[in-house]
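The chain contents come next:
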Amino acid sequence: MIRHFLRDDDISPAEQSTVLDLAARMKADRFGHRPLAGPRSVAVLFDKQSLRTRFSFDVGIAELGGHPLVVDTQVTHFGRGETLIDAGRVLSRYVVAIVLRTHGDDRIAEVAAGASVPVVNALTDGFHPCQLLADLLTIRERCGGTAGRTLTYVGDGANNMAQSYLLAGAMAGMHVRIAGPEGFVPDPDVVARAAEIAVGTGGSVRVLTDPVQAVRDADVVATDTWTSMGQEADGLDRITPFLPYQVNKELLGQAAPDAVVLHCLPAHRGEEITDEVLDGPQSAVFDQAENRLHAQKALLTFLLNANAADKAAADT
Ligand code: CP
Ligand code: NVA
């Protein structure tokens, strides 16, 4: 079985910690790790727009000694005239890993079903697990660790970031609180899975509607756009019900005095977060963006090693 990274919980909590340890080492010795030397190639495919993910994978794969192939899927036959399973099969003959940003989670699952190399989720409608590795690395740096800390996310509780905070935060032993307006709540299956993980890590999960209650005494306050890619014309009012969830000075004042502010970016300044907070002393958002690079280099290295070890065991 190939190890993929389609959701945060495709690795164990111990493996998450291993990846974050490696990310920190790679950050400290940025050009000292070249597991893709050869060069071995990695396909990085986009069905949706990107700045951070595109550049951090491109740069990261090159820094690992590899050859990044960053491609917008519109110029391929991807999912149009060629099944995603076949695309996964074909790409596996050229590259050692496939990184994909796409729409439904069913699409990346189809690619993975055909692939004989690891497939990495670079954002789907359901999850953004690479972002969470960067967020957790940032929390480790700013808070000295993750276990036992309270991580509050306010905004669209139904989106990919909220769901990844639930899973990855619980895996890291955090007390995760998600707060959004009625109707913008995470998938109950994801909440249940996160709660199950939290039992084993000492963390906890709560879904609330009251932003003040959610933020009170939190160590980390995170938010994200109220309108994710692909939701621009979904007919929902994505402003009015969200206004009480804006991360501004007043709401942040409810958190722990030195609480860290996260936002995966791009930010819609003046909507989900104010300039004052985003550019303020508690904001870690640009470290967070940089940490995409280090976390993804570590993840790719981990997945390639894990799959090589599994193959060696199967061959003996
Ligand atoms: N945070 C993030 O994934 O940014 P991009 O959409 O620019 O890749
Ligand atoms: N929730 C956002 C994250 C962007 C990085 C989106 O899916 O558009």
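Calculation rules
Residues numbered from 1 in each chain as written. Chains lettered and ligands numbered in written order. Predicted model: local features only at pLDDT ≥ 70, side-chain atom pairs only at ≥ 80, totals over all residues. pLDDT = per-residue confidence, 0-100. Pairing = 2+ DSSP bridges. Helix = DSSP H or I, 4+ residues; strand = E, 2+ residues; numbered from the N terminus. Axes fitted to C-alpha atoms, helices over the stretch in contact; angles between N-to-C directions. Contact = placed C-beta atoms within 7 Å. Near = placed C-beta within 6 Å. Nonpolar A, V, L, I, M, F, W, Y, C, P; charged D, E, K, R; others polar.

Colleague: Can you help me understand the confidence of the model for the chain in this one?
Modeller: Parts of the prediction with low pLDDT should not have their coordinates interpreted in detail. The predicted model of the chain averages 97 in pLDDT, with 100% of residues at 70 or higher. Across the assembled chains, the prediction reports ipTM 0.99 with pTM 0.98.

Colleague: Can you walk me through the sheet that holds strand 1 (residues 41-46) in this structure?
Modeller: Sheet strands pair by backbone hydrogen bonding; their relative direction is either parallel or antiparallel. Reading across from one edge, 2-1-3-4 is the order of the four strands in this open sheet, with parallel pairing throughout. The sheet terminates laterally at strand 2 (67-72) and strand 4 (119-121), the two strands that pair on one side only. Across the sheet, the mean angle separating the axes of adjacent strands is 20° when strand polarity is ignored. Here six bridges tie strand 1 to strand 2, and the two strands are oriented parallel to one another. Directly across from Val44, in strand 2, lies its bridge partner Val70. In the packing of helix 2 (residues 52-63) onto the sheet, the strands contacted are strand 1, strand 2 and strand 3 (97-101), and the crossing angle to strand 2 comes to about 160°.

Colleague: Where do I start with the site of ligand 2 in this structure?
Modeller: Taken together, Leu123, Asn159, Asn160, Met161, Asp224, Thr225, Ser228, Met229 and Cys264 are the residues near ligand 2. Per-class residue counts for the shell around ligand 2 are four nonpolar, four polar and one charged.

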